Amino acid sequence: MKKIKILIVGKSNVGKSSLINYFTNNHTALVSNKLHSTRISTSHPKIYNNTHFEFIDTPGASIEDNNLLSKAMKSNASKHITSADLIILLTQPQAKYDFELKIHNQIKENNKEYILCVNKTDLDICEEYKDRLLQTLKKSSASFISVKESVGIDTLYELIQQQIHKNNINGSELIDDKKNSIKIIQELIRESVIKRTNKELPYESAVYVSEYVEQAKSVSIKADIIVSKDNHKKIIIGKKGQMIKSIGINSRELIENYLNIKTHLSLFVVVKVNWKNNSSLLKDIGYME
């Protein structure tokens, strides 16, 4: 069976990861209300109407280039435009669509078409944004959904199928990618870190899976939670180790739901000063090639 690669792009917090989790009926993409939570592109499979889809989650396109990490995040999103079979540009009701216009131009520069999709339509029932959006991107129509309210997803699926048939998309050979699974696991652990530390920990942590061992009925994982300061390490460990214990419990639950197998997870907190500009470390984590 071949796969259809569907790239979902858009600025941070428009709901790319939430849409993918909805599509796949599984929690495999990192979801957070913090900006730029998704750091790396990951692939998420779904078979629908005898078609194998690979939905590609990407970092938000609105991040500024202020270090190697941010540049790698933008590159992660951009490189998939040329190889995607189908692209969904996801946005939301808002005052301006400057970032969406930049993505639109980048897609057009690569001679690609895309489906324009608006999430969170429940936030603007008067649809005051609609004309402004279509005029800015010079589009005649868009798909309007609300992932939170489960509205419009079936219509979006139908539109995807129409585009596949219209453009004679055959897809590419299906490859089992262990690296992709490790990237997803890293992001799921980061989600637990973000949610458990809430506002205490700034945009400073990363996760590196240092060991991944498959056994007969379980998997053993060792992972480093990387921070840039000693006081960040103290926050993650918490009083008497309660925070790291909570992060571990939540992470293991997310990973077991994803892998559908018993998971032994060991977490370690490591201080790496200025890690966001450490090219060797960023390559090890998978943020850079």
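Please read these numbers as outputs of a predicted model, since none were measured by experiment.

Caption draft 1: Structural view of the sheet that holds strand β9 (residues 218-227). A sheet is described by the order of its strands in space; here three strands give the open sequence β8-β9-β10, paired in mixed fashion. Among the strands making up the open sheet, the edge pair consists of β8 (206-214) and β10 (262-271). Averaged over all adjacent pairs, the angle separating strand axes in this sheet is 20°, with direction ignored. Note that β8 and β9 share eight bridges and pair antiparallel. The partner of V209 across the bridge, within β9, is A223.

Caption draft 2: Focus on the packing of helix α1 (residues 16-24) against helix α5 (residues 153-166). The geometry of α1 relative to α5 is characterised by a closest axis approach of 12 Å and an angle of 85° between their N-to-C directions. As summarised for this structure, α1 and α5 are arranged roughly perpendicular, according to the angle between their axes. Packed against α1, whose contacting residues are L19, Y22 and F23, the element α5 presents I153, L156, Y157 and I160 at the interface.

Caption draft 3: Spotlight on the packing of helix α7 (residues 230-237) against helix α8 (residues 242-259). In the contact formed by α7 and α8, the axes pass within 5 Å of each other and the chain directions differ by 65°. The segment α7 lies against α8, with I235, I236 and I237 engaging Q242, M243, I244 and I247. Taken together, the residues of the contact of α7 with α8 sort by class into six nonpolar, one polar and no charged.

Caption draft 4: Expanded view of the environment of L282. With respect to the element layout, L282 can be found in helix α9 (residues 279-285). L282 sits in the buried class, given a relative accessible area of 0%. Residues L282 and A72, spaced 210 residues apart in sequence, show a C-alpha to C-alpha distance of 8.6 Å. Excluding anything up to four places from it in sequence, L282 contacts L68, L69, W275, K276, Y287 and M288.

Caption draft 5: Spatial organisation of the pattern of salt bridges. This model, assessed by the stated rule, comprises three salt bridges. One salt bridge connects K108 with E113, and the closest N-O pair in it is separated by 2.9 Å. Among the salt bridges present, the one from R190 reaches E187, with a minimum N-O distance of 3.3 Å. Placement of both R190 and E187 in helix α6 (residues 178-197) is noted, with a separation of three residues, approximately one turn of the helix. Residue classification places R190 among the buried positions, given a relative accessible area of 2%.

Criteria and cut-off values
- Position labels on residues start from 1 in each chain and follow its written sequence.
- Two thresholds apply to this predicted model, a pLDDT of at least 70 for residue-level local features and 80 or more for giving and counting side-chain atom pairs, whereas whole-chain, interface and lining totals are computed over all residues.
- Where side-chain values are given, they derive from all heavy atoms of the structure, hydrogens and water being excluded.
- Strands are treated as partners if at least two bridges between them are detected by DSSP.
- Numbered from the N terminus, helices here are DSSP runs of H or I no shorter than four residues, and strands are runs of E no shorter than two.
- Whenever a helix is involved, its axis is fitted only over the stretch in contact; in every case the axis is a line through C-alpha atoms, and angles between N-to-C directions fall within 0 to 180 degrees.
- Note on angle classes: values under 35 degrees are labelled roughly parallel, values over 145 roughly antiparallel, values of 65 to 115 roughly perpendicular, and the remainder oblique.
- Residue contacts follow a heavy-atom distance rule, with two residues in contact if any of their heavy atoms lie within 4.5 Å.
- Gly counts as polar in this scheme, as do all residues outside two lists: the nonpolar Ala, Val, Leu, Ile, Met, Phe, Trp, Tyr, Cys and Pro, and the charged Asp, Glu, Lys and Arg.
- For the exposure calls, accessible area comes from a 1.4 Å probe over protein chains only, and a residue counts as buried if that area is under 20% of its type's maximum, exposed if over 50%, partly exposed in between.
- Counted as salt bridges are all cases of a side-chain nitrogen of Lys or Arg within 4 Å of a carboxyl oxygen of Asp or Glu.

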